[in-house]
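Architecture at a glance
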Amino acid sequence: MMADIPVLDETVGFIDAPVDPLLNLFEEIERMKREKNAVLLAHYYQEPDIQDIADYIGDSLGLARQAAATDADLIVFAGVHFMAETAKILNPERKVLLPDLNAGCSLADSCPAPELAAFKERHPDHLVVSYINCTVGVKALSDIICTSSNAAHIVSSIPKEKPILFAPDRNLGRHLANETGRDMVLWEGTCIVHETFSERKLLRLKARHPEALVLAHPECEEAVLRHADHIGSTTSMLRFARESARPAFIVATEEGILHQMRKDCPDKTFVPAPPESGCSCSRCPHMRLNTIEKLYLCLRFEEPEIHMEETLRRAALRPIERMLEMSEGVGT
Ligand code: 13P
Ligand code: SF4
């Protein structure tokens, strides 16, 4: 009956309807995925329940590749808005759903498209390389998109004489400049989760766990990165932990990934790196807006859906396709 279907209230950003507490949401989600030919793509920063029910779980590059290759009728994206938006840019004819439309990203928020356009005008000779953590408007202004998996490869592939403007993450940009020897103009954006890890507390933790190696995401501040034994994307951190002979790791990224690390390597110890503030968790408030209940409702009512203007989508597709072509064969 139509009257039973809740209408998405755009100001809320998710379907706000009661969920029967007796329902087995895992079974219901599996059933609807089959019936609707839906694929559930999830990032490692999602809550463990969502990770466990996903068809594919990965880093931003892996997720973009999956979105580009899927033949599902419906893409349900358990991640943040820019990730679902990227899936929509690649799949204009498919429905792309995000359980909570408010799941944003501080990096994307730091770089409004009109401000980047003005910045570009001040650097007219520069090639714009943007980290995938940005809006469709910023992607449309970019020459190439990159992720933490392929950024060094992409930056190194650009001819040396071509100046580069890198947006929006200044920490990843600085790390790339060190790694590739390229002097880039940086946008001053940061991730609210990764910028809070404390060097002081990390050193104390290292002293308590002398057997542990430090794994860090390149969105962390330089003061933290300088103590890392491995710097890379979420997937590369997982791989490093799996392949290393060490029994313990201190992990400087969103703590959702510890769920996969512990599943992958049940005999190893994973300790989250501590943030500077009193709070001892390092959860992304945006990623964690998605819940298993919202996921169930989203799949059931096929809302909230990602929409975008077609001219903008086409402009944003070009630098994403360029990234996928340039990083073919590059592992995540
Ligand atoms: P990756 O999983 O691509 O390393 O990105 C981390 C991140 O912050 C996503 O928002
Ligand atoms: Fe954005 Fe940081 Fe959250 Fe990733 S962890 S989605 S970069 S705010």
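Details of the structure are given in the entry above.
Residues numbered from 1 in each chain as written. Chains lettered and ligands numbered in written order. Predicted model: local features only at pLDDT ≥ 70, side-chain atom pairs only at ≥ 80, totals over all residues. Heavy atoms only, no water.

If you tally the helices and strands in the chain, you get 15 helices and 12 strands. Rg of the C-alpha trace for the chain: 20 Å, near the compact-globule value of 20 Å for 332 residues, within the 12% margin. Along the three orthogonal principal directions, the C-alpha set of the chain runs to about 60 × 50 × 35 Å. The buried share of the chain, taken over its 332 residues, is 57%. Once local pairs closer than 6 in sequence are excluded, the contacts in the chain between residues at least 24 apart make up 67%. Entry remark: accessible area of the chain is about 14,300 Å², with carbon and sulfur atoms responsible for 51%. (Helix = DSSP H or I, 4+ residues; strand = E, 2+ residues; numbered from the N terminus. Rg over C-alpha atoms; globule rule 2.2 N^0.38 Å. Buried < 20%, exposed > 50% of the residue type's maximum accessible area, 1.4 Å probe, protein only. Contact = heavy atoms within 4.5 Å. Areas by Shrake-Rupley, 256 points an atom, 1.4 Å probe, with all protein chains shown as cover.)

Looking at ligand 1, there are 14 residues lining it, with His43, Ser60, Ser148, His217 and Thr234 nearest. Within the contact set of ligand 1, an oxygen atom lies 2.6 Å away from a side-chain nitrogen or oxygen of His43. Here an oxygen atom of ligand 1 sits 2.9 Å away from a polar atom, N or O, in the side chain of Ser148. Surface burial for ligand 1 is 96%, taken as the share of its 300 Å² of free accessible area covered by protein chains. The residue inventory of the shell around ligand 1, partitioned by class, reads five nonpolar, seven polar and two charged. (Near = heavy atom within 4 Å. Polar contact = N/O pair within 3.5 Å; in protein donor to acceptor, adjacent residues only side chain to side chain. Nonpolar A, V, L, I, M, F, W, Y, C, P; charged D, E, K, R; others polar.)

Attention shifts here to the packing of helix H12 (residues 234–243) against helix H13 (residues 257–264). Each packed pair of helices is defined by two parameters, the angle between the axes and the distance between the axes. Where H12 contacts H13, the two axes come as close as 10 Å, and the packing angle between them is 30 degrees. Judged by the angle between their axes, H12 and H13 are roughly parallel. As H12 packs across H13, the resulting crossing turns out to be right-handed. In this structure, H12 contributes Thr234, Met237, Leu238 and Arg242 to the contact, and H13 contributes Ile257, Gln260, Met261 and Asp264. Its residues placed into classes, the contact of H12 with H13 shows four nonpolar, two polar and two charged. (Axes fitted to C-alpha atoms, helices over the stretch in contact; angles between N-to-C directions. Parallel < 35°, antiparallel > 145°, perpendicular 65-115°, else oblique. Left-handed = near helix turned anticlockwise from the far one by under 90°.)

What follows covers the site of ligand 2. The full set of residues close to ligand 2 is Tyr45, Val80, Cys105, Ser106, Leu107, Asn133, Cys191, Val193, Glu219, Cys284, His286 and Met287. Of the residues belonging to the shell around ligand 2, the class tally is eight nonpolar, three polar and one charged.

What helix H9 (residues 170–180) keeps buried is the set Arg170, Asn171, Leu172, Gly173, His175, Leu176 and Thr180. Residues of H9 that are buried sit in contact with strand E5 (127–131), helix H8 (151–157), strand E7 (164–167), strand E8 (184–186), helix H11 (222–225) and strand E10 (230–231). The backbone nitrogen of Asn171 lies 3.1 Å from a side-chain oxygen of the residue at the head of H9, namely Asp169. Just past H9, the residue Gly181 takes up positive phi, approximately 75 degrees.

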